[in-house]
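# An overview of the molecular structure
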Amino acid sequence: MARKLRTRGNHEVVLNRSAGGDAGITFVLTLFGIVMFLPMYYTIIQSLKPLNELFYFPPRFYVTHPTLDNFADLFNLMGDSWVPFSRYIFNTVLISVGGTFGNLVLSSLCAYALAKIDFPGAKGFFWIIQKSLMFSATVTGIVNFITLSVLGWIDTYLAIIVPAWCSTLGLYLMKQFMESNVSTEVLESARLDGATELRTFWSIAMPMVKPAWLTLIIYSFQGLWNSGASTFIYSEQLKTLNYAISQITNGTIARSGASAAATVVMMIVPILVFVISQSNIIETMGSSGMKD
Amino acid sequence: MAKKEKQVKPLHEMTKSERTWFLIKRNKTAYFMIAPFMILFFIFTIIPVFLSLVLSLTSFNMLQWPKFVFLDNYVTLFLDDDLFITALKNTLIFAAVTGPASYIISFVVAWFINELPPKIRAVVTLVFYAPSIAGNVYLIWTTIFSSDSYGLMNGFLLQMGVIDSPILFFQNAKFVMPLCIAVALWTSLGTSFLAFIAGLQGINKSLFEAGAIDGIKNRWQELWYITLPSMKPQLMFGAIMSITGSFNFGGIVTALAGNPSVDYVAYTLTHHLEEYQNNRWEVGYASAISFLLFLMMIGMNVVITKLIAKLGD
């Protein structure tokens, strides 16, 4: 019995789809989508409202005279504090770049060895890494504070940057991706030709896993970019953008424009990065599955 | 190099430990490659778990040497600390609601958008995923549910005549927990969501065709008999991401409802932990809380992944 086969979108063969089901799904998706999107949209609208429009009753979902004053206010509001707003941006960028770079280098070296070299203990190491995805940094915070104090890194950038180097999610994704996308035969033949392990890693494996390192960069960067008031840093001049913004937001409604502007500044970077790299991230996630 | 290898016995003649040692020596590079990551990983993640267990058996204020008190901290937590019980209860409610809900929503949305044309799918993915990566965008909810009439919700309700005076949403014990859960869910379509999208895309299309020929009648049957079993590895990974995330919403609660929230209605273990660690410097006691949190996360993850592993077998 041949059933109805039709094609849709991506030239996929789609089977057994009822029109009612399609309509229902579209309806639910639209509804959900609106709920997800409205707060984001409202943030942007708020950030563009001049002061008098912020005080309209009832509040409006659109802006009549859009202005960038709120963004300028960000710098003025923070002007009261002796640390200039640009310093918070600098701190956040430095932490994000430094942490991400180290994480990328250490993780790809480690992922390659775990995925493509058969050495005693490889499975055990990976098992521990998998298990570490099961608990969050809250659990390790206390001891890390002590460790960082002993190292003398409290209240320095290092307290945020170095622990970020060994964040495991990126390593996990990269190892899984290497396993399914880098052919062992190619590596073997390179080794037979006398290439060292480091050379095979750098000139053969790494170019084949671009989506994975892009994903790792994005994950690491997002995490660090959004890192807030840390218990590891007290000095005002070393604090992050997220912290500075949370200070603005604690104000009254008159500040809600500036606060929304700050949020827009915060969110624009991760969202742009995701838009550019979405297809690579999804490709990486294709091998993210856990086998046991 | 070549000279050395000549003196080595063939692999099958070696004893097990000789062979392991030989393989270790031969793969020296591998150990050098994992060393930098692994050393930091042990220092900042693995050792802290064990040390927090050790510290949890002590009374320690960071100034004097820790004093061994055996299980005193745990006894106090469960028998003599009402706030801990409140925090434990709230954390469990939070995890029990947001974990499964975010997992299911992530999957359902990923499944719904799976058959959309690629361009539209990319846009819809962004709409659903954006709240989870957009920094502290959840702060907008404090404006939406602001306690004066300039807040969106109060403005709307006042205009509709449902209420005569603004509701103090985040100061009202009735609203705090549900609102925090809703906002947490709003930000929770993260890594597992992307993993599900990728997993669904990766399923071999011929399976569906074969299924149709074998008599699968509609998309629900297809979901149950083909889709879910084919993406078990992603379901497993997604579960871990969702569960671990579901214990981690303390930051959102603080941002929305303050800490402590009114009547401690949304006071979680993270808050209790921070209180003892940062304000009271009772590090032993805080360690006990963090070790319990660790056990809860690992326990929940192990149980759920075991269940998923059984799915469809």
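Just so we're clear, the structure is a prediction, and the values are computed from it rather than from any experiment. (Residues numbered from 1 in each chain as written. Chains lettered and ligands numbered in written order. Predicted model: local features only at pLDDT ≥ 70, side-chain atom pairs only at ≥ 80, totals over all residues. Heavy atoms only, no water.)

### Some points on the state of the cysteines
Residues and elements named next belong to chain A. Rule in force here: Cysteine sulfur atoms are paired as a disulfide whenever they come within 2.5 Å of each other. Only protein chains enter the calculation, and the probe is 1.4 Å; a residue is then buried if its accessible area is under 20% of its type maximum, exposed if over 50%, and partly exposed in between.
For the coordinates displayed, the defined rule picks out zero disulfides over all chains. Considering cysteine sulfurs only, Cys-166 is the nearest to Cys-110, which forms no disulfide, with 11 Å between them. Since its relative accessible area comes to 0%, Cys-110 is described here as buried. Assessed through its relative accessible area of 3%, Cys-166 is described here as buried.

### Observations regarding the confidence of the model for chain B
As a reminder of what qualifies: A residue's pLDDT is the predictor's confidence in that residue, given on a scale from 0 to 100.
Residues with a pLDDT of 70 or more make up 97% of chain B, whose mean pLDDT is 87. On the interface metric, ipTM, the complex scores 0.88, and its pTM is 0.89.

### Some thoughts on the interface of chain A and chain B
Our working rule: Contacts: residue pairs with any heavy atoms within 4.5 Å of one another. Each of two parts loses accessible area, computed with a 1.4 Å probe, when they are put together; buried area is these two losses added. Each salt bridge in this description consists of a side-chain nitrogen of Lys or Arg and a carboxyl oxygen of Asp or Glu lying within 4 Å of one another. The term polar contact refers here to a pair of N or O atoms within 3.5 Å; inside protein, the definition further demands a hydrogen-donor-capable atom paired with an acceptor-capable atom, and it admits residues adjacent in sequence only when both atoms are side-chain atoms. Strands are runs of DSSP state E lasting at least two residues, helices are runs of H or I lasting at least four, and both sets are numbered from the N terminus onward. Basically, the charged four are Asp, Glu, Lys and Arg, the nonpolar ten are Ala, Val, Leu, Ile, Met, Phe, Trp, Tyr, Cys and Pro, and anything else, Gly included, counts as polar.
Chain A puts 104 residues into the contact, and the matching count from chain B is 101 residues. Taking both sides of the interface into account, the surface hidden between chain A and chain B amounts to around 8,900 Å²; carbon and sulfur atoms contribute 76%. Three residues, Met-36, Met-134 and Ile-142 of chain A, lead the burial of chain A against chain B; their summed loss comes to 8% of the area buried on that side. Inspection of the chain A/chain B interface yields one salt bridge. Where chain A touches chain B, the interface holds 15 residue pairs in polar contact (both at pLDDT 80 or more). Here the side of chain A that touches chain B takes 15 residues from helix H1 (residues 19-48) of chain A, the largest share from any one element. Along the lines of polarity and charge, the residues of the side of chain A that touches chain B split into 65 nonpolar, 30 polar and nine charged.

### Concerning the nonpolar core
Quick note on the threshold: As used in this record, nonpolar core signifies buried Ala, Val, Leu, Ile, Met, Phe, Trp, Tyr and Cys residues forming a set joined through side-chain atoms within 4.5 Å. Where each domain begins and ends is defined by an automated method or by a domain database.
By size, the foremost hydrophobic cluster in this structure holds 161 residues, and its most contacted members are Leu-114, Met-178 and Met-285 of chain A together with Trp-141, Phe-193, Leu-194 and Phe-237 of chain B. Here this core gets 13 residues from one element, more than from any other, and that element is helix H16 (residues 283-310) of chain B. Each of domain 1 (5-67) and domain 2 (78-285) of chain A gives at least three residues to this core. Those residues in contact with Phe-237 of chain B that sit more than four places away from it in its chain are Leu-133, Leu-169, Tyr-172, Leu-173, Met-285, Ser-288, Gly-289 and Met-290 of chain A together with Thr-191 and Ala-195 of chain B. Leu-74, Val-83, Phe-85 and Ile-248 of chain A belong to the second-largest nonpolar core, a separate cluster that totals 14 residues.

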